[in-house]
There are 6 protein chains.
Amino acid sequence: MATLGLIEYKDASPKVRAVYDDIMATRKTDWINNFWKAIAHDPVTLKRTWEDIKQIMAPGALDPLTKEMMYLAVSVSNQCNYCVASHTAAARKQGMTDAMFKELMEVVGMANETNRLVAGYQVEIDEKFLSR
Amino acid sequence: MATLGLIEYKDASPKVRAVYDDIMATRKTDWINNFWKAIAHDPVTLKRTWEDIKQIMAPGALDPLTKEMMYLAVSVSNQCNYCVASHTAAARKQGMTDAMFKELMEVVGMANETNRLVAGYQVEIDEKFLSR
Amino acid sequence: MATLGLIEYKDASPKVRAVYDDIMATRKTDWINNFWKAIAHDPVTLKRTWEDIKQIMAPGALDPLTKEMMYLAVSVSNQCNYCVASHTAAARKQGMTDAMFKELMEVVGMANETNRLVAGYQVEIDEKFLSR
Amino acid sequence: MATLGLIEYKDASPKVRAVYDDIMATRKTDWINNFWKAIAHDPVTLKRTWEDIKQIMAPGALDPLTKEMMYLAVSVSNQCNYCVASHTAAARKQGMTDAMFKELMEVVGMANETNRLVAGYQVEIDEKFLSR
Amino acid sequence: MATLGLIEYKDASPKVRAVYDDIMATRKTDWINNFWKAIAHDPVTLKRTWEDIKQIMAPGALDPLTKEMMYLAVSVSNQCNYCVASHTAAARKQGMTDAMFKELMEVVGMANETNRLVAGYQVEIDEKFLSR
Amino acid sequence: MATLGLIEYKDASPKVRAVYDDIMATRKTDWINNFWKAIAHDPVTLKRTWEDIKQIMAPGALDPLTKEMMYLAVSVSNQCNYCVASHTAAARKQGMTDAMFKELMEVVGMANETNRLVAGYQVEIDEKFLSR
């Protein structure tokens, strides 16, 4: 049902295969999920998106688990079903337990609630928050 | 400009003061930010929201810093200006460094980008993600 | 700061004035708020939008107060600051009390919270909800 | 497909059963919809969410039908499919007719349209809306 | 599964049939897609929505292909699955090639990313953008 | 008010200056807007975002004006005020007339309206749209 269909490894061009190979090597896995197969019709976007994600999700000031949970939190908030399914799997692979997932969900729910209280009550930013 | 105005401590009812006191004691601070003063016109919502946040943001399977950064990530994604200002301050108080903030922003930006790639390319959920 | 500026009554074309006149007559008021002055640069959109709103917000199976409060609830949920300000005023004119506003805000907050719990817990639609 | 699965009544802990019982008693029904079964993995969130909804949706300054229709309006605006299905059913149970539903949809559609006109034309808030 | 079901041509009232006929004539096609059949339960909304779309999507300062691609871009950004499917088909009918679709997706993804960078970094509008 | 402040050219590191120089050269302008100065605190994100935008917004299957208008359409739909201001300026520079802007706004408004009609009427995707 994907707009342009899915490009399987065996049908992929060398340029696409190189990205698929790097995804599998980096993630220590032997399969490619549909997201990559769907955008592979645009090899430039495929390569750019993968390289951006690879760099952004690598360990830095934040560890990969925290980053994956943030990615999941945003995807939940945006109500992207595919993204919730795939990043739940990714976060679990990084070590997210069910207890962590439940707390993540509490935070996402509460943030969405208070974001709207702010909008409806038309709360102005406190002076203290404006000064650095 | 707040819809119903702001209720300052000196003008607050005992019920509202009790919440203000608990906020200041819990957060080890001596002031109340506008969000609470704006919703204090509805003491039931004020009390419920505060108690929910107090419970949800307490240490658990996730530490308070991780929770605050998730709250911030969702608020950024929702483009709630007040919430970004207040939760940036809250996250910093919990220990968020500038380096952490920058990586948080990278993740939020990337998640919002790929959430839309998924929608536009109409990517179906992989079988592997459906089975538990 | 409006993109194309605001068109005041005295500077308006007869076509735009006719819409302004109808807005003031329908709403029993003697002024036009900025929204209409901003979109008046596109007289076709001005006329269409006004006529749609006039028809949609008129009494029907739902009364005008309920409709205005729904309009406000959606605008709050979408975090449109101008819309919150203008539709709060409009709802009050229709009879919305502070007590009603507070309950409206509770509903909007809760709906936004549970909408995300549904997304994150990946809840499937119950069979009972699918059959009519 | 729910992230953590669904907890049926017969498999529920006493704490979860107590909430299920209260839901069924309050709603005068003999079944529990998937939303509750999905979040029951987190009994604290289950209990809190239910008690919040029970309190918020009870008759007050607004009647339960108006509240349910607002909840539905926000869920439609947020494009949460599960929420639309479940709250359409809930609103109908409270007395929403097809005629009411159609008018609700007109309001939600129009609000989403004008919210964007405001953003694109960069409309500034009128002085009159700022003064209380 | 549509809330009120779908109204087929043979079961439609003369008023609804007139709209269906105009849709087919305008689009040079012999079938009606589900969107129209679903909202046909509200003939006033059906007629208004169709006439608005017919007028808005007609050639003007922008050509129909550009308009359809913009419609698609917004629908992708809003993650409306039905809308993505139907407006992808509509845009292709107007001449959108796969290459155009891929570039459209790049723009939508990038816009969603930078929109959030702006929110999180709390970027203020440049003076130059305020003056006309 | 930007979270980390704005980095002016004279205070920028060579790495940041190189991006600023390329922005000014590519856009044939002698100033840098606040967006870049705000994210310049993260030189990696600055460079990546600029290079992505430079590549994506270049002429391809779609011309730069069409791309800028799509970017604007998405930003309007997302209600990002800064983005609306900056991309309105950018689109005008590429040749967007007021007439084009007005039609763009009509499309964005209508898409947001019908996206919600689809959600509320729970319209299922037509078989014809699923087959490629």
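The structure under discussion appears in the preceding block.
Procedures and definitions
Residues numbered from 1 in each chain as written. Chains lettered and ligands numbered in written order. Predicted model: local features only at pLDDT ≥ 70, side-chain atom pairs only at ≥ 80, totals over all residues. Heavy atoms only, no water. Helix = DSSP H or I, 4+ residues; strand = E, 2+ residues; numbered from the N terminus. Rg over C-alpha atoms; globule rule 2.2 N^0.38 Å. Contact = heavy atoms within 4.5 Å. Areas by Shrake-Rupley, 256 points an atom, 1.4 Å probe, with all protein chains shown as cover. Lys, Arg positive; Asp, Glu negative; His and termini not counted. Charge placed at Lys NZ, Arg CZ, Asp CG, Glu CD. Least-squares fit on C-alpha atoms with pLDDT ≥ 70 in both. Salt bridge = Lys/Arg side-chain N within 4 Å of Asp/Glu carboxyl O. Buried < 20%, exposed > 50% of the residue type's maximum accessible area, 1.4 Å probe, protein only. Buried area = accessible area lost by both parts, 1.4 Å probe. Polar contact = N/O pair within 3.5 Å; in protein donor to acceptor, adjacent residues only side chain to side chain.

S.K.: What am I meant to see in the overall build of chain A here?
M.R.: Helix and strand content of chain A: seven helices and zero strands. Starting at the N terminus, the α and β elements of chain A follow one another as α-α-α-α-α-α-α. Relative to a compact globule of 132 residues, whose C-alpha radius of gyration would be 14 Å, chain A shows 19 Å and is clearly more extended. Seen along its three principal axes, the alpha-carbon backbone of chain A occupies a region of about 55 × 30 × 30 Å. In chain A, 50% of the contacts between residues at least 6 apart in sequence involve partners at least 24 apart. Entry remark: accessible area of chain A is about 4,800 Å², with carbon and sulfur atoms responsible for 53%. The average position of the 16 basic charges and that of the 17 acidic charges among the side chains of chain A differ by 6 Å.

S.K.: Quick question: what am I supposed to make of the relation of the copies chain F and chain D here?
M.R.: The relation between the two copies of this chain is a rotation about an axis and a shift parallel to it. When chain F is fitted to chain D, the best match, at an RMSD of 0.0 Å, comes from turning it 180° and sliding it 0.0 Å along the axis. What the superposition gives is, in effect, a two-fold axis relating one chain to the other. Minimal C-alpha separation from the rotation axis in chain F is found for glutamate 113 of chain F, amounting to 2.5 Å. Here 100% of the contact residues of chain F are again contact residues in chain D; the copies associate through an equivalent surface.

S.K.: Before we go on, may I ask you to explain the pattern of salt bridges in this structure?
M.R.: Where side chains of opposite charge bring their charged atoms close, a pairing between them can arise. Residue and element names in this part refer to chain A. As enumerated under the stated definition, the model contains 46 salt bridges over all chains in all. Lysine 47 is paired through a salt bridge with glutamate 51; the nearest N and O atoms lie 2.7 Å apart. Placement of the pair is lysine 47 and glutamate 51 together in helix H3 (residues 43-56), with a separation of four residues, close to one helical turn. Classification of lysine 47 by relative accessible area gives partly exposed; the value is 36%.

S.K.: How should I be thinking about the relation of the copies chain A and chain B in this particular structure?
M.R.: If you rotate chain A by 180° and push it 0.0 Å along the axis, it lands on chain B with an RMSD of 0.0 Å. Both copies share a contact surface, since 100% of the interface residues of chain A are interface residues in chain B too.

S.K.: Mind showing me how you'd approach the interface of chain A and chain B here?
M.R.: It is common to give the size of an interface as the accessible area lost on bringing the parts into contact. Across the boundary between the two partners, chain A contributes 65 residues, which contact 65 residues of chain B. Between chain A and chain B, the buried area comes to about 6,100 Å², and carbon and sulfur atoms account for 69% of it. Linking chain A to chain B there are four salt bridges. In this structure, the connection of chain A to chain B is made through 30 residue pairs in polar contact (both at pLDDT 80 or more).

S.K.: What should I look at first to understand the environment of methionine 24 of chain B in this one?
M.R.: Residues and elements named next belong to chain B. Tracing the backbone shows methionine 24 in helix H1 (residues 14-27). Residues methionine 24 and leucine 130 lie 106 residues apart in sequence; the distance between their C-alpha atoms is 45 Å. Excluding its chain neighbours within four sequence positions, the residues that come into contact with methionine 24 are Tyr9, Thr29, Asp30, Trp31 and Ile32.

These results come straight from atomic positions and should not be treated as a statement about function.
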